[in-house]
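Given next are the chains, with one letter for each unit.
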Amino acid sequence: ASIGNSMPSEQQYTPELASNFPPFNHVAVGASIGNSMPSNFPPYNHAAVGVYSDESQSNNNESPSIEDPPLSPMPMEEERDQDTHEELAIAGPQPNRRDHHLLPVIAAHLVEEPSEDDHCDESQGGTCPNEIFVEAEPLEKEHFFHTFLRSRTAIFWSVGILLVLVGLSIALGITLGGNTNPIPITISELHDIIVNAFPNSDIPLENNATFSYPRQDALQWVLENPPTSTYNERRLVQRWVLATFFYSMSGDSWKNSSGWFSDNECLWAGLSCDDTENPNGITSISMEGNLLDGTLPPEISWFNESLLSLQLKNNNIKGTIPTEIGQLTKLRGLNLRLNSITGPIPTETGLLENLDSLRIDQNTLTGEIPSELGLLQNVVLINIRTNRLCGTMPQDICDLFSTGVLENLQSDCTDSKVKCACCTRCWVERNPFC
């Protein structure tokens, strides 16, 4: 401590001075009082007292260790009484102390009184330094809260609570799939969102279209589904595509349709996601022998950024394979065998650059085998047997045995119109039709 005019500037605070403190477990006191101060002290009236409850210290007769915490200067105010030498001190945290609890804030007063030292005699021309005492008492409750609200601790707590609330809001928004503030949506707005999602496809939604009824039913379901207003546009389109698939494939008659039309698409029977808590993207559709009956809708191409496996064997899928199948460029496995699919093999199938297994056997496919299948550089298995295909196996496909990773090629090439010099297995077509 350095105190006013009556204390020599070279006198500094020492641990011995702490013996004059009242019976508190005190840590450190720093004070700078008065006008004539040493040059190494800032020109502020300030005091800082750290007070802690520490049973290990309170039960020990030895004086606690003294550490100098950083002082918190307060600007001088003109109306403050300069003679009182009183400043408010706030208890603050002390580093490197175990099991300590902050006591209520105290008000500390530095009291300067004449020395009572018998060895000091001013009458003989000597100078007797005044004695310095510290008086401390708990602050009143209203002063405590006022001081706390102005402290850095209150600011840290406020910021921490705010960050937690923001984090919870963001997490809740992601879980629900987007907007946390529900906004009513009209059927025209939903219609525009869906049409904009398929800018390169001619997918009418009118009642006289081929898929009009499944699409209209799906549209109405998405609109009437209660959580709709909390989903982002991608989730809305995804749910509409899956609902269209459901209605196009007679979903009401499926062997297993558990979970369908619930809030989380990842929990619908036959569907899989990378993250079940964040259903933005279906990675697998597996419904083997699930009594699917209908035409594969082209909207299935919506999952071009996520779908890895499409397994729909042993059902009653009719109609043609949609050309949009070529947009599923991440697809690794395509299994449509044991169905009633007609028409040619789409040339767009050759765009499935990541495909390793193609099984479209035991259908009613017609026409020639497209040479574009030779673009499947990662395919290991191609099975197109038991169909009504004609012509010659393209050389581009046979070259996959040497240029790609093809190991198994099966086709109707015995007693049929298909000529194949590289097939690993030729099947007999007993009723040639080419």
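Counting from 1, residues in each chain are numbered in the order their sequence is written. Given that the model is predicted, a residue must reach a pLDDT of at least 70 before its local features are reported, and side-chain atom pairs must reach 80 or more before they are shown or counted; all residues, however, enter totals for whole chains, interfaces and linings. Heavy atoms throughout the structure, all of them, feed into the side-chain values; hydrogens and water do not.

A. Expanded view of the overall build of the protein. A run of H or I in DSSP becomes a helix once it reaches four residues, and a run of E becomes a strand once it reaches two; helices and strands are each numbered from the N terminus. Helix and strand content of the protein: eight helices and 21 strands. In this scheme, a residue with accessible area under 20% of its type's maximum is buried, one over 50% is exposed, and one in between is partly exposed, where area comes from a 1.4 Å probe on protein chains only. Across the 434 residues in the protein, those meeting the buried criterion constitute 41%. Per-residue and other accessible areas follow the Shrake-Rupley method at a 1.4 Å probe size, with only the shown protein chains counted as cover for residues. When the accessible area of the protein is evaluated, it comes to approximately 24,000 Å², of which 51% is carbon and sulfur surface.

B. Geometry of the pattern of salt bridges. The salt bridge criterion pairs a side-chain nitrogen of Lys or Arg with a carboxyl oxygen of Asp or Glu, the two atoms within 4 Å. Applying the stated criterion across every chain, the model contains six salt bridges. Between Glu 265 and Arg 239 there is a salt bridge, with its nearest N and O atoms 2.9 Å apart. With Glu 265 in the loop between α6 (233-248) and β8 (271-272) and Arg 239 in helix α6, this pair connects stretches of sequence that are 26 residues apart. As a salt-bridge pair, Asp 293 and Lys 318 come within 2.3 Å of each other at their nearest N and O atoms. Taken together, the residues Asp 293 in strand β10 (residues 293-295) and Lys 318 in strand β12 (residues 316-318) connect sequence positions 25 residues apart. Overall, the relative accessible area of 34% leaves Lys 318 in the partly exposed class. Residues joined by salt bridges that share partners form a network here, namely Arg 235, Arg 239 and Glu 265.

C. The arrangement of a nonpolar patch on the surface in detail. Note on patches: the residues involved have over 30% relative accessible area and no salt bridge, like charges join within 9 Å, and the nonpolar side chains Val, Leu, Ile, Met, Phe, Trp and Tyr join within 5 Å. On the surface, a nonpolar cluster with roughly 550 Å² of combined accessible area is contributed by Trp 157, Ile 161, Val 164, Leu 165 and Leu 168. Tracing the backbone through its elements, the reader meets Leu 168 in helix α3 (residues 152-176). Overall, the relative accessible area of 56% leaves Leu 168 in the exposed class.

D. Fine view of the sheet that holds strand β21 (residues 425-428). Only when DSSP finds a minimum of two bridges between them are two strands counted as paired. The eight strands lie next to each other as β8-β9-β11-β13-β15-β17-β19-β21, forming an open sheet whose pairing is mixed. Strand pairing shows two members of the sheet lacking a second neighbour, β8 and β21, which therefore form its edges. Sheet topology note: the strand β17 (residues 381-383)/strand β19 (residues 408-414) ladder contains three bridges and is parallel. Residue pairing across strands places Leu 381 opposite Asn 408, the latter belonging to β19.

E. The arrangement of the state of the cysteines in detail. To count as a disulfide, a pair of cysteine sulfur atoms needs to be within 2.5 Å. With the rule as written, the count across this model stands at four disulfides. The disulfide bridge from Cys 266 ends at Cys 273, spanning 2.1 Å between sulfur atoms. Taking the sign of the S-S torsion, -100° for the link of Cys 266 and Cys 273, the bridge is left-handed. Here Cys 266 and Cys 273 have matching classes, each one buried. The disulfide partner of Cys 398 is Cys 422, and the gap between their sulfur atoms is 1.9 Å. Here the S-S torsion is close to -70°, and the disulfide linking Cys 398 with Cys 422 is therefore left-handed. Within this pair, whereas Cys 398 is found in helix α7 (residues 395-398), its partner Cys 422 is found in the loop between β20 (418-419) and β21, the two being separated by 24 residues in sequence. Here Cys 398 matches Cys 422 in class, with each residue buried.

F. How the structure looks around the nonpolar core. Formed by 68 residues in total, the largest nonpolar core has its most connected members in Phe 245, Trp 260, Leu 312, Leu 334, Met 393 and Leu 409. Elements supplying a minimum of two residues to this core: α4 (187-196), α5 (212-224), α6, α7 and β19. It is α6 that contributes the most residues to this core, eight residues altogether. Contacts are residue-level and defined by heavy atoms, with any inter-residue pair within 4.5 Å sufficient. The residues contacting Phe 245, other than those within four sequence positions of it, are Trp 254, Trp 260, Met 287, Leu 292, Leu 296, Pro 297, Ile 300 and Leu 312. Buried Ala, Val, Leu, Ile, Met, Phe, Trp, Tyr and Cys residues form a nonpolar core when they are joined through side-chain atoms within 4.5 Å.

G. Structural context of the side chain of Asn 315. Tracing the backbone through its elements, the reader meets Asn 315 in the loop between β11 (309-311) and β12. Taking relative accessible area as the criterion, Asn 315 reaches 11% and is therefore assigned buried. Of note is the side chain of Asn 315, whose polar atom sits 2.9 Å from the backbone nitrogen of Leu 292. For Asn 315, the side chain forms a polar contact with the main-chain oxygen of Leu 312, separated by 3.1 Å. Setting aside residues no more than four positions away along its own chain, Asn 315 makes contact with Met 287, Glu 288, Gly 289, Asn 290, Leu 291, Leu 292, Leu 338 and Asn 339. Polar contact is the term for a pair of N or O atoms within 3.5 Å; when the atoms are in protein, one must be able to donate a hydrogen and the other to accept it, and sequence-neighboring residues count only if both atoms are side-chain atoms.

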